[in-house]
Amino acid sequence: MIDSIAGDFLSLLAARKVSVLNTERSVHAPVETQATTVFAFHYKDGVLMGGDRRATAGNVIVTDRVDKVIEIDANSMLAIAGVPATAFEMARVMQTSFEYYRRSQLQPLSLPAKVRALARLLRENLPMTMQGVGVVVPLFAGLDNSVKPAKPLIFFYDPLGAQFQAVGYAASGSGSGTIRSIVSYQEKYADPKPSEMDLKQAVQFTLRILMTASEFDSATGGINPETNTFATIKILDAGGVRTVNAEEQAKFLRG
């Protein structure tokens, strides 16, 4: 008779010396491409989600043209930090499943269901996460249509799929510590607070904090108006998702 073993399933496997995953990284494994530094915050009219455009592989800059903020459907968007190959595939699965539900059920998926859908994809990615490859730590913003007027909300996740609602802001990636510090200071002590900014002020604030983060983190690309390198910025309000393109960002930055 087998004695019962306390603990979760993975602890039970370890106690029985059963290995389902190879958690040791091969010395011949290629260096992964990483996308870093995304964030979202509430401004006066909705939610702004932004990110730099740099992707790195170890100490090598792969590109400064990655779009890390992705429109999932008309009322939700995803910001990726981690391995782009995995994150982009998650985004495609969400886009397809949300659209399939809308067409088959003749109504959009609810925001709680969308939030859980991303959590499920992250849990399904657990084997890759435990091996240290394919790790994704995303941000998600969606429109809550259960209240009137509809209210945009921000959610952040851990790599295993735990989900949390952000009260005012959230950030992920290697430059996220700097981003959170600046946004926290602005919200507590400065004027205007991010939650009180109009769109122009919010975009200016976004570009400036990305430039600051790039000074302290080599994996954060920042922006460079001289080479027309700007951030990826999308906003979500009662009207849905909209992109703030490079031309608008340049105009706002000039004041």
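Because the structure is predicted, anything quoted here is derived from the model rather than measured.

A.B. asks: Can you lay out the pairing of strand β13 (residues 240–244) for me, pointing to particular residues and giving the numbers?
C.D. replies: Pairing of strand β12 (residues 232–237) with β13, which is carried by five bridges, proceeds in the antiparallel orientation. In the strand pairing of β13, Ile233 is matched with Val244. In textbook terms, the turn of a hairpin is the stretch between consecutive antiparallel strands, and for β12 and β13 this stretch comprises two residues.

A.B. asks: So, the packing of helix α5 (residues 176–189) against helix α6 (residues 199–216): which residues are in play, and what are the values?
C.D. replies: Put simply, α5 and α6 touch, their axes get as near as 9 Å, and they point 135° apart. When the axis of α5 is compared with that of α6, the two are oblique. Considering only the axes of α5 and α6, their crossing is right-handed. Between α5 and α6, the contacting residues are Thr178, Ile179, Ile182, Val183 and Gln186 on the first element and Phe205, Ile209, Leu210, Thr212, Ala213 and Phe216 on the second. Tallied by class, residues from the contact of α5 with α6 come to eight nonpolar, three polar and no charged.

A.B. asks: Which residues make up the packing of α6 against helix α7 (residues 246–254), and what values go with them?
C.D. replies: Packing of α6 against α7 leaves a shortest axis separation of 9 Å and a crossing angle of 90°. One element, α6, and the other, α7, form an angle in the roughly perpendicular class. Only Gln249, Phe252 and Leu253 of α7 make contact with α6, whose side of the interface consists of Leu199, Lys200, Val203, Gln204, Leu207 and Met211. Here the contact of α6 with α7 is built from residues that sort into six nonpolar, two polar and one charged.

A.B. asks: Before we move on, could you go through the nonpolar core and cite the residues and values that matter?
C.D. replies: Counting 24 residues, the largest nonpolar core has Phe39, Phe41, Tyr43, Leu48, Ile179, Val203 and Ile233 as its most contacted members. Where this core is concerned, the elements lending two or more residues are β2 (38–43), α5, α6, β12 and α7. Ranked by residues supplied to this core, first place goes to α6 with eight residues. Setting aside its immediate chain neighbours within four residues, Phe41 contacts Gly46, Val47, Leu48, Ile154, Gly168, Tyr169, Pro194, Ala202, Phe205 and Thr206. If you look at the next biggest cluster of nonpolar residues, it comprises 23 residues, including Ile80, Ala113, Leu118 and Phe140.

Definitions and cut-offs
Residues numbered from 1 in each chain as written. Predicted model: local features only at pLDDT ≥ 70, side-chain atom pairs only at ≥ 80, totals over all residues. Heavy atoms only, no water. Pairing = 2+ DSSP bridges. Helix = DSSP H or I, 4+ residues; strand = E, 2+ residues; numbered from the N terminus. Axes fitted to C-alpha atoms, helices over the stretch in contact; angles between N-to-C directions. Parallel < 35°, antiparallel > 145°, perpendicular 65-115°, else oblique. Left-handed = near helix turned anticlockwise from the far one by under 90°. Contact = heavy atoms within 4.5 Å. Nonpolar A, V, L, I, M, F, W, Y, C, P; charged D, E, K, R; others polar. Core = buried A, V, L, I, M, F, W, Y, C linked by side-chain atoms within 4.5 Å. Buried < 20%, exposed > 50% of the residue type's maximum accessible area, 1.4 Å probe, protein only.

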